[in-house]
Amino acid sequence: MSASPLVRQCLTILLHSKNSSTPLPPATAAQLHALLLTSGDLHHHSLGLLFMSYCASGRPFDAHNLLAQMPHPHPVSFSNTLLRSYTGLGFHREALILYSQMRAFDHLTFPFAAKACASLRLSRHGSAVHCRALAAGFGGDTYAQNAVISMYMSCGDVAAAEAVFGAMWNRTAVSWNTIIAGCVKNGRAERALEVFQNMVSGGIGIDRATVVSVLPACAQVKDLSTGRAVHRLVEERGLGAYAAVRNALIDMYGKCGSLEDARRVFVDDRYDKDVVSWTAMIGAYVLNDRANEALALGCEMLMASEAWPNGVTMAYLLSACSSLPSGKHAKCTHALCFRLGLESDIVVETALLDAHAKCNNLKLMELTVEKGSRRTETWNAAISGYTRRKRVKKAIEWFKQMIAESVRPDLATMASVLPSYAESADLVQAKNIHCYLLTCGFLGSADITTGLIDVYAKAGDLDTAWALFQCLPEKDVVAWTTVIVGYGMHGHAQTAILLYDKMVELGVKPNNVTIASLLYSCSHAGMIDGGLRLFNDMRNVHGLMPNAEHYSCLVDMLGRAGRIEEAYRFIVDMPFEPGTSVWGALLGACVLHENVEFGEVAAKHLFELEPESTGNYVLLGKIYAATHRWGNVQDLRRMMAERGLCKEPGSSLIDSRCELC
């Protein structure tokens with residue numbers, strides 16, 4: 001029995017769609033399906049055509065239903081087509097379910113299954129896909145091997161990816177690019193550059209994907225010489241015409257601190273600039289603390305370019321605003337975000353909050369939160385802003401309000417609010433936040449547990465702080481430093497030194513904060529020899545360069561012990577210009593020991609560095625008064641009056657019991 005003209009027309013449309021690069025609209029495919037179904041002509045051939053049409057038009061679930069109606073076994077190509085449709089649309093779990101039901105495979109099956117495992121970060125399932133590919137005889141297929149390498153890299157198993165790469169007989173440019181990009185993604189920038197060098201020396205031709213993969217590695221390790229070598233290869237191979245390559249070059253030069261090279265690539269008139277080009281150049285200025293140039297380029301983009309800023313562009317511009325003393329730039333950029341319709345973009349919204357907080361415009365920050373999306377990220381930015389501005393109570397208050405509005409905190413929330421709990425030094429608050437962290441399962445994070453250790457340490461409960469520290473499965477330098485600081489600030493300098501020795505014995509290298517806290521402890525405990533040993537170990541054993549804080553602690557330590565001349569010699573021998581903290585420590589020691597000679601030297605430098613500070617005049621006056629040099633006291637008071645300075649009145653702070661969380 002011959003098919004009706006309508007059925008023949010339906011089949012013709014489906015056949016034409018199969019051979020065309022333009023798929024049928026989903027609604028049209030569904031209408032053809034309905035016509036064939038009602039006409040009773042839904043046979044094997046028409047099922048196959050409909051199946052292909054559904055896959056191509058983005059309706060994989062309808063295609064899967066049709067696949068179930070086909071006679072078994074269906075062709076492998078049908079299953080592969082459905083796998084590709086599922087993975088292409090992000091239905092990775094459905095793709096893996098389909099793969100697990102397949103009994104026949106070809107060289108295209110495993111790349112799709114590996115891609116699904118990579119997207120879901122299912123390393124064990126990915127290994128099973130790899131094993132099945134080997135068992136099915138497709139382990140040597142280059143296409144499958146590249147997909148397996150990409151899967152292992154996405155799952156963070158760099159060693160397994162390199163093992164597959166090392167066993168390949170036919171490495172294509174795609175293979176090399178996958179390894180390079182994977183190493184960069186997993187924080188192995190040095191290894192990525194090493195692979196790139198091997199690729200070039202082996203005569204493998206690079207392409208634009210290679211360039212876009214290797215330049216971020218140069219940026220990560222700030223390897224400007226290799227970045228410039230890549231740029232020369234780009235020019236030799238004629239790859240500079242690609243926008244992605246030029247944008248990657250701008251980004252690399254900016255992160256390596258070579259703004260001249262970045263600008264040279266950016267202003268090249270041979271090529272058009274897209275929004276990514278402008279954003280990369282603006283970002284380069286921001287990363288190199290050139291806020292005014294970044295804002296000027298943003299204005300140029302608005303006035304002279306066809307490209308309009310996107311969310312990332314505005315985030316960079318807001319970052320530039322936050323580094324300027326005046327908040328007016330942040331307000332103007334905020335208005336521009338509204339004009340461009342980007343105020344609801346989560347990247348822009350959090351950047352707005354961060355900029356207003358850094359410009360100390362907390363009222364506008366609060367208004368932005370109230371009128372905004374009130375998502376977890378925006379609450380985090382606001383809480384972090386209050387914490388940064390030392391508005392401890394406000395940060396805790398907003399954290400409580402966040403919970404009251406049923407917005408679920410995440411790890412970033414807790415990392416933002418825990419410093420405020422630590423600064424409050426309230427043991428009851430510490431226990432309450434401990435219970436909350438325990439209930440919500442946040443103590444599985446080492447960073448959060450370390451933050452809680454800091455809370456208990458500053459509240460004076462060293463036993464609980466130590467118990468939490470002991471529970472950490474892996475103790476990094478931050479955890480060790482936190483517990484060392486806790487013991488040191490409460491007068492247990494000897495215990496802090498013992499902990500430091502244990503840390504070094506276990507192979508954990510101290511950082512600048514560790515040494516500064518230990519010097520502070522030694523200073524207040526009068527452990528001069530121990531402090532000097534630490535200062536020497538810092539440079540000679542650990543390879544750390546002392547900064548102003550270390551010299552301040554050292555001067556304070558020697559000054560408290562009365563070794564003021566020795567402290568002064570350390571200041572004179574400093575490899576950089578002493579700041580207010582160093583001279584202030586010396587002046588404080590001179591007050592303690594009534595040393596006029598060095599007190600006048602320290603005060604002279606402080607008067608030049610901070611002429612508006614009345615405290616320095618008061619301290620020098622105390623030295624004069626203690627040594628009965630009343631004429632000098634009168635001269636000092638006259639000098640203050642001439643400069644319009646007056647002593648700030650004393651004040652007391654009474655902290656009433658606030659509402660506990």
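The sections below set out a description of the structure shown in this document. (Residues numbered from 1 in each chain as written. Predicted model: local features only at pLDDT ≥ 70, side-chain atom pairs only at ≥ 80, totals over all residues. Heavy atoms only, no water.)

**Focus on the overall build of the protein**
Secondary structure summary: the protein contains 38 helices and 0 strands in total. The C-alpha atoms of the protein give a radius of gyration of 33 Å, which is well past the 26 Å a tight globule of 661 residues would have. Structurally, the protein occupies a C-alpha span of about 125 × 60 × 55 Å along its principal axes. Evaluated residue by residue, the protein yields a buried proportion of 45% over its 661 residues. Put simply, of all contacts in the protein between residues at least 6 apart along the chain, 60% involve residues at least 24 apart. (Helix = DSSP H or I, 4+ residues; strand = E, 2+ residues; numbered from the N terminus. Rg over C-alpha atoms; globule rule 2.2 N^0.38 Å. Buried < 20%, exposed > 50% of the residue type's maximum accessible area, 1.4 Å probe, protein only. Contact = heavy atoms within 4.5 Å.)

**Quick look at helix α36 (residues 596–609)**
In this model, α36 (14 residues) spans 20 Å end to end at C-alpha, consistent with the 20 Å of a helix rising 1.5 Å per residue. All of the buried residues along α36 are V596, F598, G599, A602, A603, L606 and F607. Next to the buried residues of α36 lie α34 (564–572), α35 (580–593), α37 (614–626) and α38 (630–642). Between the side-chain oxygen of the N-cap and the backbone nitrogen of E597 there are 3.3 Å, and the N-cap of α36 in question is N595. (Expected span 1.5 Å × (residues − 1). Polar contact = N/O pair within 3.5 Å; in protein donor to acceptor, adjacent residues only side chain to side chain.)

**Focus on the nonpolar core**
Membership of the largest hydrophobic core comes to 111 residues, with the highest contact counts inside it found for F51, L82, M151, V211, M252 and M281. The residues touching M252, leaving out its near neighbours within four places in the chain, are L215, C218, A219, L224, G227 and R228. The next biggest cluster of nonpolar side chains, apart from the first, holds 89 residues, and it includes W379, C553, V582 and M640. (Core = buried A, V, L, I, M, F, W, Y, C linked by side-chain atoms within 4.5 Å.)

**Here we look at unusual backbone geometry**
Phi angles above zero are rare outside glycine, and S406 is one such case at about 60 degrees. Mapped onto the fold, S406 is located in the loop between α24 (392–404) and α25 (411–424). Residue S406 is classed as exposed on the basis of its relative accessible area, which comes to 68%. Despite not being glycine, A425 has its phi angle at roughly 50 degrees, a positive value. Structurally, A425 is set in the loop between α25 and α26 (427–440). Residue class for A425 comes out partly exposed when judged on its relative accessible area of 40%.

**Some details on the packing of α35 against α37**
Remark: α35 packs on α37, axes separated minimally by 8 Å, with the N-to-C direction vectors making an angle of 30 degrees. The orientation of α35 relative to α37 falls into the category roughly parallel. The handedness of the crossing between α35 and α37 is left-handed. Counting all contacts with α35, which are made through L587, C590 and V591, the residues of α37 involved are N616, L619, K622 and I623. Across the contact of α35 with α37, the residue classes tally to 5 nonpolar, 1 polar and 1 charged. (Axes fitted to C-alpha atoms, helices over the stretch in contact; angles between N-to-C directions. Parallel < 35°, antiparallel > 145°, perpendicular 65-115°, else oblique. Left-handed = near helix turned anticlockwise from the far one by under 90°. Nonpolar A, V, L, I, M, F, W, Y, C, P; charged D, E, K, R; others polar.)

**Here we look at empty space enclosed by the protein**
Here the structure, examined in full by the defined rule, presents 2 cavities of 30 Å³ or more. By volume, the largest cavity is sized at about 50 Å³. Lining the largest cavity are R246, N247, I250, V265, F266, D268, Y271, D272, K273 and S277. Sorting the residues of the lining of the largest cavity by element identifies α15 (243–255) and α16 (259–266) as the ones contributing at least two each. Sort the elements by how many residues they give to the lining of the largest cavity and α15 lands first, with 3 residues. Taken together, the residues that form the lining of the largest cavity break down as 4 nonpolar, 2 polar and 4 charged. Each pocket or cavity is described by its volume, and for the second largest cavity that value is around 40 Å³. Around the second largest cavity, the lining residues are H130, A133, F138, G139, D141, A144, Q145, V148 and V164. Those elements giving two or more residues to the lining of the second largest cavity turn out to be α8 (123–135) and α9 (142–154). Split into classes, the residues belonging to the lining of the second largest cavity amount to 5 nonpolar, 3 polar and 1 charged. (1 Å grid on protein atoms, 1.4 Å probe; cavity = no way out; pocket = protein on both sides within 12 Å on 5 of 7 lines; lining within 4 Å. Points joined across faces, edges and corners; volume = space filled by probe spheres on them.)

**Points about the side chain of S79**
One can find S79 in helix α5 (residues 76–88). Apart from residues lying up to four places away in sequence, S79 is in contact with H74, L98 and M102.

**As for the packing of aromatic side chains**
Within this structure, the stated rule accounts for 23 aromatic pairs. Considering the side-chain rings of Y99 and F105, the 6.1 Å spacing of their centres and the 45 degrees angle between planes classify their relative orientation as tilted. Given the relative accessible area of 7%, Y99 is considered buried. Its relative accessible area of 21% is what places F105 among the partly exposed residues. When the centroid spacing of 5.4 Å and the interplanar angle of 70 degrees are considered together, the rings of F535 and Y551 count as edge-to-face. Here F535 is found in helix α32 (residues 528–540), whereas its partner Y551 is found in helix α33 (residues 548–560), with 16 residues between them in sequence. On the basis of relative accessible area, F535 is assigned to the buried category, the value being 1%. Judged by relative accessible area, Y551 falls into the buried class, the value being 4%. (Phe/Tyr/Trp six-rings, centres within 6.5 Å; stacked < 30°, edge-to-face > 60°.)

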